[in-house]
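Here is what each chain is made of, one letter per residue.
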Amino acid sequence: QVQLVESGGGLVQAGDSLRLSCAASGRPITNYCMAWFRRAPGKEREFVVNISWGGGSTYHADSVKGRFTISRDNAKNTVYLQMNSLKPVDTAVYYCATQSRRFSDCRSLGEYDYWGQGTQVTVSS
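What counts, and where the lines are drawn
Residues numbered from 1 in each chain as written. Predicted model: local features only at pLDDT ≥ 70, side-chain atom pairs only at ≥ 80, totals over all residues. Heavy atoms only, no water. Helix = DSSP H or I, 4+ residues; strand = E, 2+ residues; numbered from the N terminus. Polar contact = N/O pair within 3.5 Å; in protein donor to acceptor, adjacent residues only side chain to side chain. Contact = heavy atoms within 4.5 Å. Pairing = 2+ DSSP bridges. Axes fitted to C-alpha atoms, helices over the stretch in contact; angles between N-to-C directions. Salt bridge = Lys/Arg side-chain N within 4 Å of Asp/Glu carboxyl O. Buried < 20%, exposed > 50% of the residue type's maximum accessible area, 1.4 Å probe, protein only.

Among the secondary structure elements, aspartate 90 is positioned in the loop between strand E8 (78-83) and strand E9 (92-99). Polar side-chain contacts of aspartate 90 include one of 3.0 Å to the side chain of arginine 38. Of the polar contacts made by the side chain of aspartate 90, one reaches the side chain of arginine 67; its length is 2.7 Å. Those residues within four positions of aspartate 90 in sequence are excluded, and the remaining contacts are Arg38, Arg67, Phe68, Ser85, Val121 and Val123.

We now examine the sheet that holds strand E3 (residues 18-25). Think of a sheet as strands paired side by side through backbone hydrogen bonds, with each pair either parallel or antiparallel. The strand order across the open sheet formed by four strands is E1-E3-E8-E7, and the pairing between neighbours is antiparallel. Each edge of the sheet is formed by a strand with only one pairing partner; in this case those strands are strand E1 (3-7) and strand E7 (68-73). Strand after strand, the sheet turns through a mean of 15 degrees between neighbouring axes, direction not considered. Where E1 lies against E3, five bridges are found, and the strand directions are antiparallel. The partner of valine 5 across the bridge, within E3, is alanine 23.

Turning next to the pattern of salt bridges. Under the criterion given, the structure shown has five salt bridges. Across the pair arginine 38 and aspartate 90 runs a salt bridge, and its minimum N-O distance is 3.0 Å. One end of the pair, arginine 38, is in strand E4 (residues 34-39); the other, aspartate 90, is in the loop between E8 and E9, and 52 residues separate them in sequence. The same class applies to arginine 38 as to aspartate 90, namely buried. Measuring nitrogen to oxygen at the nearest pair gives 2.7 Å for the salt bridge that ties arginine 67 to aspartate 90. With arginine 67 in the loop between strand E6 (58-60) and E7 and aspartate 90 in the loop between E8 and E9, this residue pair connects regions lying 23 residues apart in the sequence. Like aspartate 90, arginine 67 is buried. Three or more residues joined by partner-sharing salt bridges are found here, namely Arg38, Glu46, Arg67 and Asp90.

For the rest of this paragraph, the subject is the environment of lysine 87. Tracing the chain through its elements places lysine 87 in the loop between E8 and E9. Taking the C-alpha atoms as reference points, lysine 87 and threonine 122, 35 residues apart in sequence, are found 9.2 Å from one another. If sequence neighbours within four positions are ignored, lysine 87 has contacts with Arg67 and Val123.

As structure tokens, this is what we get:
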């Protein structure tokens, strides 16, 4: 069983940057897809970005392309989300997630079955 703990959220102004971290324990993240999702107030949870188990491939939601970057440090068992040029519409609780199967299809969004508790990101205009 893996536990995920997000950190780094906060209140920022439009145009600012933030870096979120997701620290995993209980299992190495090596060989597992990792992803970030978010839930805005009054909306359903949505996919943001993922990174392949090898780290060589990423897939972004259109809304964050060119602004958000995911990375992983397997040695630290941590995944990061660098968010630049933040907009008020990015306000949400951000969740880190991973899958229970190794070497799986990272684009299978329904297979993300381990989740962190989330970290709040608020972007003011």
